[in-house]
Amino acid sequence: MKKTTPTMKDVAKEAGVALGTVSKVINGIPVGETYKNKVEAAIHKLNYQVNTYARGLKTSKTETITLIIPSLSLPFYASFAYEVEQQAYTHGRKLILCCSNGIPEKELDYLMLASQSKTDGIIALTYSDISDRVPDDIPLIAFDRQFEKHQIPRIASDNYAGGMLAVQKLLEFGCKSPVFIGFHSSFPGEADRRFDGYLEACRKNEISPVYLYATDAEDCHSAICNFIKEHENTNSHTLNFDGIFANTDFHACIAIHALKELGYSVPSDVQVIGFDGTKKFYPSEEYIVSTIRQPLPELAKKCIDMILDEENYPMPTLTLLPVSYEYGGTTIN
């Protein structure tokens, strides 16, 4: 005969207790020690598993948190997912991880799944405005993005201050003409403020801004190579810039490869600072490039804390956490 999955009724029968007693033990409600031991022994013997999904439909709580990110292929997103999972688990929650690849249809599919499963909250780093697609009873935190529903809480690093800090560090290390290189999404986000910080730092230091700042390109390497060639001095193998602030560590690495292919040395010819804080082997202490580090553990903790603080949700519409400079071998130490 086909073996059936044990139910709470089976556990109650095996333990010789009332169904309500089993429910209390499963939900952490105090009962007598003798009854608790009987129920736990029956659960172990029958290999009973709590149906979190079914319980969530009744209680509107599944003890899960959903994270939607564009990809796991870039180290920053993977590291952020790692930190969110750690924080969620610390608070007794499981993480549902969804990778959208920046495809709006996938984001909506995942949102529907999360809404139907009664997730306790959603953290979203998306490329479309999903604020109207999430039920009002499910907390939504936007990481690094702006939604038209302005009451949606947003969490981000202080990208503007980070942009200014990157230029300040390049100048401290002897650069005279720092440029900005980066590619951005057509969907507005707090990361756009990095470029604003670069422009403001140039204004304050009376430097003419020079930059490559375009929407996401399929071939970033070629675009950066062309930018470097455009700023070569024709009479000598030199450049008219000596520092690069890149919009991300990923863009910084592409710029470094392009510079080396064209015969320039990093950091002796050109110093490079990225943005994110990507490490070679997370969570080791070595960074892949000198960088403006986003405080990932603190950002993840803030996201989880805001979701679980039901009494005060929604909270301030924008929370910014401070960034810091970290040496990674592409600046003069």
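Up top is the structure.
This structure is a prediction, so every number in the text was calculated from the model and none was measured.

For the rest of this paragraph, the subject is the overall build of the protein chain. From N to C terminus, the protein chain includes 11 helices and 14 strands. Along the three orthogonal principal directions, the C-alpha set of the protein chain runs to about 90 × 35 × 35 Å. Expressed as a percentage of its 333 residues, the buried residues of the protein chain come to 46%. Accessible surface, the protein chain: about 17000 Å² in total, of which carbon and sulfur atoms supply 51%. Here the protein chain carries 32 positive and 42 negative side-chain charges, and the mean point of each set is 11 Å from the other.

So, about the pattern of salt bridges. Per the counting criterion, the structure on display carries 10 salt bridges. The salt bridge involving Arg154 is made with Glu190; its shortest N-O contact spans 2.9 Å. With a gap of 36 residues between them, Arg154 in strand β5 (residues 154-157) and Glu190 in the loop between β6 (178-184) and α8 (193-204) connect regions that are remote in the sequence. For Glu190, a relative accessible area of 8% translates into the label buried. Measuring nitrogen to oxygen at the nearest pair gives 2.6 Å for the salt bridge that ties Arg203 to Glu200. Within this pair, Arg203 and its partner Glu200 are both found in helix α8, separated by 3 residues, close to a single helical turn. The class of Arg203 is exposed, set by a relative accessible area of 55%.

A separate point is unusual backbone geometry. Looking along the chain, the bond that leaves Val266 and enters Pro267 is cis, with omega of 15°. Of note, the phi angle at Asp144 is positive, near 65°, even though the residue is not glycine. The exposure class assigned to Asp144 is buried, which follows from its relative accessible area of 7%. One non-glycine residue with positive phi stands out, namely Glu206, at about 55°. Structurally, the position occupied by Glu206 is in the loop between α8 and β7 (211-215). Glu206 gets classed as exposed once you look at its relative accessible area, which sits at 76%.

Okay, helix α5 (residues 75-90) next. When the terminal C-alpha atoms of α5 are compared, their 23 Å separation across 16 residues agrees well with the 22 Å that a helix rising 1.5 Å per residue should span. Considered for burial, the residues of α5 that qualify are Phe76, Tyr77, Ser79, Phe80, Ala81, Glu83, Val84, Gln87 and Ala88.

All right, on to the sheet that holds β6 then. The strand order β7-β6-β10-β11-β12-β14 describes an open sheet built from 6 strands, whose pairing is mixed. Strand pairing shows two members of the sheet lacking a second neighbour, β7 and β14 (324-326), which therefore form its edges. Strand after strand, the sheet turns through a mean of 20° between neighbouring axes, direction not considered. For β6 and strand β10 (residues 243-246), the ladder comprises 4 bridges, and the chain directions are parallel. Among the inter-strand pairings, Phe180 is bridged to a residue of β10, identified as Phe245. Those strands touched by helix α9 (residues 220-230) are β6 and β7, and its axis lies near 155° from that of β6. Packing against the sheet, helix α10 (residues 249-261) makes contact with β6, β10, β11 (271-276) and β12 (291-293), and its axis sits at approximately 155° to β11.

Turning our eyes to something else, we now look at the nonpolar core. Core analysis: the biggest nonpolar cluster contains 25 residues, and Ile224, Ile228, Phe241, Ile244, Leu259 and Val272 have the highest contact counts within it. Where this core is concerned, the elements lending two or more residues are β6, α9, β10 and α10. Here this core gets 6 residues from one element, more than from any other, and that element is α10. One finds Ile65, Phe143, Cys303 and Ile304 within the second-largest nonpolar core, a separate group that totals 24 residues.

Running from N to C, helix α1 (residues 8-15) and helix α2 (residues 19-26) cross one another at 110°; their axes reach a closest spacing of 9 Å. In terms of orientation, α1 lies roughly perpendicular with respect to α2. Of the residues in α2, those touching α1 at Met8, Lys9, Val11 and Ala12 are Leu19, Val22, Ser23 and Ile26. Residue composition of the contact of α1 with α2, grouped by class: 6 nonpolar, 1 polar and 1 charged.

As a further point, take the state of the cysteines. Under the definition given, this model contains 0 disulfides. No disulfide involves Cys98; its nearest neighbouring cysteine sulfur is the one of Cys99, lying 7.7 Å away. Left without a disulfide partner, Cys303 is nearest to the cysteine sulfur of Cys98, which lies 15 Å away.

Criteria and cut-off values
Residues numbered from 1 in each chain as written. Predicted model: local features only at pLDDT ≥ 70, side-chain atom pairs only at ≥ 80, totals over all residues. Heavy atoms only, no water. Helix = DSSP H or I, 4+ residues; strand = E, 2+ residues; numbered from the N terminus. Buried < 20%, exposed > 50% of the residue type's maximum accessible area, 1.4 Å probe, protein only. Areas by Shrake-Rupley, 256 points an atom, 1.4 Å probe, with all protein chains shown as cover. Lys, Arg positive; Asp, Glu negative; His and termini not counted. Charge placed at Lys NZ, Arg CZ, Asp CG, Glu CD. Salt bridge = Lys/Arg side-chain N within 4 Å of Asp/Glu carboxyl O. Expected span 1.5 Å × (residues − 1). Pairing = 2+ DSSP bridges. Axes fitted to C-alpha atoms, helices over the stretch in contact; angles between N-to-C directions. Contact = heavy atoms within 4.5 Å. Core = buried A, V, L, I, M, F, W, Y, C linked by side-chain atoms within 4.5 Å. Parallel < 35°, antiparallel > 145°, perpendicular 65-115°, else oblique. Nonpolar A, V, L, I, M, F, W, Y, C, P; charged D, E, K, R; others polar. Disulfide = S-S within 2.5 Å.

By themselves these figures say nothing about function.
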